[in-house]
Amino acid sequence: MKLHNKLLALFATLLLTSQLAFAEFVAIPDLTSRVTDLTQTLSQGQQAAIEAKLQAFEQEKGSQIAVLIVPTTQPEDIAQYSIRVAEEWKLGREKEDDGVLVLVAKDDHRMRIEVGYGLEGAIPDLYAKRIISEVIAPKFKQGDFAGGLNDGIDRLIGLVEGEPLPKPETPAFNGTDLGNLIPMLLFGGLISGLFLRNMFGTFSGSAINGSLIGGIVWFLGLSILGAGVLGIIVFFITMMLGARGINGYGGDYPSDYDGGSSGSFSGSDVFSGGGGDFGGGGASGDW
Amino acid sequence: MKNTFYKLAVVALLLVLSGCGYNQFQSLDEKSKASWSEVLNQYQRRADLVPNLVSTVKGYAEHEEKVLTEVADARSKVGSMQVTPEVLNDPEAFAKFQAAQGQLTSALSRLMAVAENYPNLKADQSFRDLQAQLEGTENRITVARNRYIEAIKDYNVAIRSFPNNLTAMMFGYKTKPSFTVANEKEISVAPKVEFGDKK
């Protein structure tokens, strides 16, 4: 019981200090799902429905749209808070910058659609403005937040649909599946390394093997940089297979391999931004 | 023997240079230039909106000549400025640039305030569109300015701190001007161009 009280006191102090620390600006919540509702405005079902829609859209088109509902952004203007969130969350793919943030400050009666660089053509400011004032605001006025968001997102999706964007990476070759291929590549690389070394000599054989493996991995969807690094690693490992041939590779190979490549792969259980940039495009409005 | 010595000297010089921030200057310099271009870009975008905006407002509020002329003047002043990357190395030119843009900012916000008095203008679809575009552009300007300020901060800190400052002195790198705080307040608050449902 005593411990319990102490913990409670500790918790209260922590809460207090953290409140003090953020007294000036509203903190940016962690991005864990496509819909972040800090006001409990949406029911779980409504939230899940919007999330499912956004997820399906991302799988089809590759663009990331996320929703954030906060009580207030005071003392900041909604645009200032929104760009901070966008910079932190990095919605959209890195090269495409095709992310959209739909931000609602419920108690302020303000909202904003923040548009990533890559979608400024598909969603010009004035379209964003119209979506807010003509589609979302009327529903929000009636207190229908889920309906407003749903309709607004449908319009946003409709605009992005018309934009020629590169297809999302097909699920078969995403990070986890490429990870599954690694043992196969590893084994194949060893065999081919031995053959190539016999055929072309130690140095050329290793070089060919390295570029071969790098090329395969690149073809399967790894970034060119990652593939290059991997190729070089394979090159050295093939070099080191040693004159004794097969005996040489037992020890080093797997650990070296992991060290060089594991950083590039990551699971995708939790929703996270893809590295897209924002430049302040979009529109704000109230209801 | 002599050859080896030279080689060593070159390597040592390279090490010293990279250790003294020379390479860092290069990347920070490029970064500040890039963010400066973005600022210019967005200011240009705003300037491009002005003629349309003026002619739309004129259609409804012809006798608001004073404000309209002010905007047109500020616009032509901004347009006549020669803005090159060298502006970055010339605090005086930078201040001039900032003043001219600030003038356009305040003229535009006065124009928007005047427009408030004309219900027909406010209801005009093309005016509303221009208003949304202007609002978005002002916001982009704010973002671009903030990023420029950040980039310049990094650059200036790198140049001033020891021992980088010696390298900077040797190669003639000077600190770059940033947007000043006095003006910051005026510009970072986007002109109020909301004609929403609130009275």
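Since this is a predicted model, take the numbers as computed values, not measurements.

## Some words on the overall build of chain B
Within chain B one finds eight helices and zero strands. Helices and strands in chain B line up, N terminus first, as α-α-α-α-α-α-α-α. Here chain B, with 199 residues, has 42% of them falling under the buried criterion. At a minimum sequence separation of 6, the contacts of chain B that also span at least 24 residues come to 81%. Total accessible area on chain B stands at roughly 11,200 Å², and carbon and sulfur atoms take up 58% of it.

## Considerations on the overall build of chain A
Each helix and strand counted, chain A has nine helices and five strands in total. The secondary structure elements of chain A, listed N-terminal to C-terminal, are α-β-α-β-α-β-β-α-α-α-α-α-α-β. Here chain A holds 287 residues, and 45% of them are scored as buried.

## Brief notes about the pattern of salt bridges
On inspection of all chains with the given rule, the structure shows 20 salt bridges over all chains. Across the pair B:Arg140 and A:Asp125 runs a salt bridge, and its minimum N-O distance is 2.7 Å. With B:Arg140 in helix 6 (residues 125-160) and A:Asp125 in helix 4 (residues 125-141), this residue pair bridges two chains. B:Arg140 sits in the buried class, given a relative accessible area of 1%.

## Notes on the interface of chain B and chain A
Reports often express the size of an interface as the amount of accessible area lost when the parts come together. In this complex, chain B contributes 18 residues to the contact, which on the side of chain A involves 21 residues. Counting the surface lost from both chain B and chain A, the interface buries some 1,600 Å², and carbon and sulfur atoms represent 35% of this. Ranking the residues of chain B by area buried against chain A places B:Asn139, B:Arg140 and B:Arg147 at the top, with a combined share of 32%. Summed over the shared surface of chain B and chain A, the number is five salt bridges.

## Brief notes about the side chain of A:Asp37
All names here are of chain A. Within the secondary structure layout, Asp-37 lies in strand 1 (residues 35-37). No salt bridge is formed by the buried Asp-37; its nearest oppositely charged neighbour, Lys-106, is found at 7.1 Å. Polar side-chain contacts of Asp-37 include one of 2.8 Å to the backbone nitrogen of Thr-41. Ignoring sequence-local partners within four residues, the contact set of Asp-37 consists of Leu-42, Gln-47 and Ile-69.

## Details of the sheet that holds strand 5 (residues 278-286) of chain A
Ordered by their spatial adjacency, five strands build an open sheet running 1-2-3-4-5 (chain A), and the pairing between neighbours is mixed. The sheet is open, and its two edges are formed by strand 1 and strand 5 of chain A, each paired on a single side. The average angle at which neighbouring strand axes cross in this sheet is 15°, direction not considered. Examined bridge by bridge, strand 2 (residues 64-70) of chain A and strand 3 (residues 99-105) of chain A share seven bridges and lie parallel to one another. Considered in strand 3 of chain A, the bridge of A:Gln64 is made with A:Gly99. Running over the sheet, helix 5 (residues 145-161) of chain A touches strand 2, strand 3 and strand 4 (110-116) of chain A and is turned about 155° from strand 2 of chain A. Sitting on the sheet, helix 6 of chain B touches strand 4 and strand 5 of chain A, and the angle it makes with strand 5 of chain A is about 140°.

## Section: the packing of helix 2 (residues 22-60) of chain B against helix 7 (residues 164-171) of chain B
All names here are of chain B. Viewed as axis vectors pointing N to C, helix 2 and helix 7 meet at an angle of 75°, and their least axial separation amounts to 9 Å. Of the possible angle classes, the one that applies to helix 2 and helix 7 is roughly perpendicular. Counted together, Tyr-22, Gln-24 and Phe-25 of helix 2 and Asn-164, Thr-167, Ala-168 and Phe-171 of helix 7 form the full contact between these two elements. Here the residues of the contact of helix 2 with helix 7 are counted per class, giving four nonpolar, three polar and no charged.

## Digging into the confidence of the model for chain A
Residue and element names in this part refer to chain A. When the pLDDT values of chain A are averaged, the result is 79; 77% of them are 70 or greater. Low confidence marks residues 171-175, where pLDDT is under 50. Its contacts with residues over four positions away, or in another chain, come to four contacts. Note on residues 245-268: pLDDT under 50 across the span, and 28 contacts to partners over four residues away in sequence or across chains.

Criteria and cut-off values
Residues numbered from 1 in each chain as written. Chains lettered and ligands numbered in written order. Predicted model: local features only at pLDDT ≥ 70, side-chain atom pairs only at ≥ 80, totals over all residues. Heavy atoms only, no water. Helix = DSSP H or I, 4+ residues; strand = E, 2+ residues; numbered from the N terminus. Buried < 20%, exposed > 50% of the residue type's maximum accessible area, 1.4 Å probe, protein only. Contact = heavy atoms within 4.5 Å. Areas by Shrake-Rupley, 256 points an atom, 1.4 Å probe, with all protein chains shown as cover. Salt bridge = Lys/Arg side-chain N within 4 Å of Asp/Glu carboxyl O. Buried area = accessible area lost by both parts, 1.4 Å probe. Lys, Arg positive; Asp, Glu negative; His and termini not counted. Polar contact = N/O pair within 3.5 Å; in protein donor to acceptor, adjacent residues only side chain to side chain. Pairing = 2+ DSSP bridges. Axes fitted to C-alpha atoms, helices over the stretch in contact; angles between N-to-C directions. Parallel < 35°, antiparallel > 145°, perpendicular 65-115°, else oblique. Nonpolar A, V, L, I, M, F, W, Y, C, P; charged D, E, K, R; others polar. pLDDT = per-residue confidence, 0-100.

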